[in-house]
Amino acid sequence: MSAKLKVGIVGGTGMVGQRFMQLLDQHPWFQVTAIAASAGSAGKTYEESVQGRWKMDGPIPEGVKSIVVQDASKVEEVASGVDFIFCAVDMKKAEIQALEEAYAKTGTPVISNNSAHRWTPDIPMVIPEVNPGHIEIIEAQRKRLGTSTGFIAVKPNCSIQSYVPALNALLDYQPKVVVASTYQAISGAGKNFTDWPEMLDNVIPYIGGEEEKSEQEPLRIWGSIQGGEIVKASAPLITTQCIRVPVTDGHMATVFASFEKKPSKDEILDRWRTFKGRPQELGLPSAPEQFITYFEEENRPQTKLDRDIYGGMGVSVGRLREDTVYDYKFVGLSHNTLRGAAGGAVLIAELLKAEGYIQAK
């Protein structure tokens, strides 16, 4: 590997931005050289801008403490110093769409942690082990944006990472109906227990917009490229409930599924244990050695014990058994701010780098 690619973090002072700082510290391919945020943070060093707001367990990485934060709205200025950016801003949908397109039009690849562009027809929404082929839509997107090097790629919703990988390994058996309930950590709302004391000893049976995302985004991930856009799959039929629980990190899902071609339990377990995706084939730096880990114990996976498997980039599954209404039921678990957010975005960037879509300017 030659010199590291220069990375900008747009929205670098928020919780996901902070996680990016940790994950990219000492990364073998990438180095943070620019940080951008709101005008209120611009002009301060990164350490000053997150003073009293640092939410990660570890300290602020030394390499970014003294970087002077730029105004994210000054697109040309920020883009001029980087090879690509990660975007994790807290703005209205239309504003995010405009901002990300503005960066892409400067010739700068944008890896987005935001939901704003997840349904833009020519923008790939990627779980690298599941639908790496969708990055081929980037050529059509570049033509629309009028750039030969810039583009936008997005990471899907954090909650679906807890069950989509397990179902993806079973697509040959044609899942037809899926019922999933997700039990989601408070960090998914950008909070910890200091910020959100009312979550202690509490469960909230509603997360705005989450059920629609959890039901529809898997179909786009399993969709196909047709005529310069991604057309979502027509099956399976998915229905969900999404619940906020008093857990720091880790989204759990209880899943019921029926199939057109019902597999045996042994066939399912074999698919999970042997499944490898493009990141494993390429040996990408952030790729878990084992994407899906199945636990035989009846009381696993557990959020506290298993969310950090393979550095928080693996997915855990357990309690597979036949059901009286559906064919099977099981439990899934993923780390929502690692696999589900910043870590998943870093893995997308690694895939795009390895496949030649991100290069030094």
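Q: An account of the sheet that holds strand β12 (residues 292-295) is needed here, citing residue identities and associated values.
A: Pairing between sheet strands relies on hydrogen bonds along the backbone, with the strands arranged either parallel or antiparallel. Strand order in this open sheet of 6 strands is β10-β7-β11-β14-β13-β12, and the pairing throughout is mixed. Both outer strands of the open sheet, β10 (237-244) and β12, are each paired with one neighbouring strand and no more. Strand-to-strand twist across the sheet, computed as the mean angle between neighbouring axes with direction ignored, equals 20°. Of the pairings in the sheet, the one linking strand β13 (residues 315-322) to strand β14 (residues 328-334) comprises 5 bridges and is antiparallel in character. Bridge pairing links Val317 to Gly332 in β14. In the packing of helix α8 (residues 210-221) onto the sheet, contacts are made with β7 (175-184) and β10, and the angle to β10 comes to roughly 140°.

Q: Residues and numbers for the pairing of strand β1 (residues 5-10), please.
A: Among the 6 residues that make up β1, 5 are buried, leaving the element largely enclosed by the rest of the structure. You can see the chain leave β1, run along helix α1 (residues 15-24) and come back into strand β2 (residues 30-37), and the turn it takes is right-handed. By the bridge criterion, 4 bridges tie β1 to strand β4 (residues 84-87) in an arrangement that is parallel. Residue pairing across strands places Val7 opposite Phe84, the latter belonging to β4.

Q: Please give an account of the packing of aromatic side chains that cites residues and values.
A: Centre-to-centre distance and the angle between the planes together describe a pair of aromatic rings. Inspection of every chain in the model, using the stated rule, returns 9 aromatic pairs. Aromatic side chains Trp29 and Phe30 sit 6.3 Å apart centroid to centroid with 85° between the ring planes, which places their arrangement in the edge-to-face category. In this structure Phe30 comes out as buried when scored by relative accessible area, which is 1%. Taking NZ or CZ as reference, Lys262 lies 5.4 Å from the ring centre of Tyr328, over its face.

Q: Can you explain the layout of surface pockets? Please cite residues and give values.
A: Approximately 1,100 Å³ is the volume found for the largest pocket. Forming the boundary of the largest pocket are 44 residues, of which Val16, Ala88, Val89, Asp90 and Asn114 lie nearest the centre. Listed by contribution, the elements that provide at least two residues to the lining of the largest pocket are α1, α5 (93-105), α8 and α12 (338-354). Within the lining of the largest pocket, the residues separate by chemical class into 15 nonpolar, 19 polar and 10 charged. Along the walls of the second largest pocket sit 17 residues, with Arg19, Lys55, Asp57, Thr248 and Asp249 positioned nearest its centre.

Rules used in this analysis
- Residues numbered from 1 in each chain as written.
- Predicted model: local features only at pLDDT ≥ 70, side-chain atom pairs only at ≥ 80, totals over all residues.
- Heavy atoms only, no water.
- Pairing = 2+ DSSP bridges.
- Helix = DSSP H or I, 4+ residues; strand = E, 2+ residues; numbered from the N terminus.
- Axes fitted to C-alpha atoms, helices over the stretch in contact; angles between N-to-C directions.
- Contact = heavy atoms within 4.5 Å.
- Buried < 20%, exposed > 50% of the residue type's maximum accessible area, 1.4 Å probe, protein only.
- Right-handed = clockwise from strand over helix to strand, strands pointing away.
- Phe/Tyr/Trp six-rings, centres within 6.5 Å; stacked < 30°, edge-to-face > 60°.
- Lys NZ or Arg CZ within 6 Å of the ring centre and 35° of its normal.
- 1 Å grid on protein atoms, 1.4 Å probe; cavity = no way out; pocket = protein on both sides within 12 Å on 5 of 7 lines; lining within 4 Å.
- Points joined across faces, edges and corners; volume = space filled by probe spheres on them.
- Nonpolar A, V, L, I, M, F, W, Y, C, P; charged D, E, K, R; others polar.

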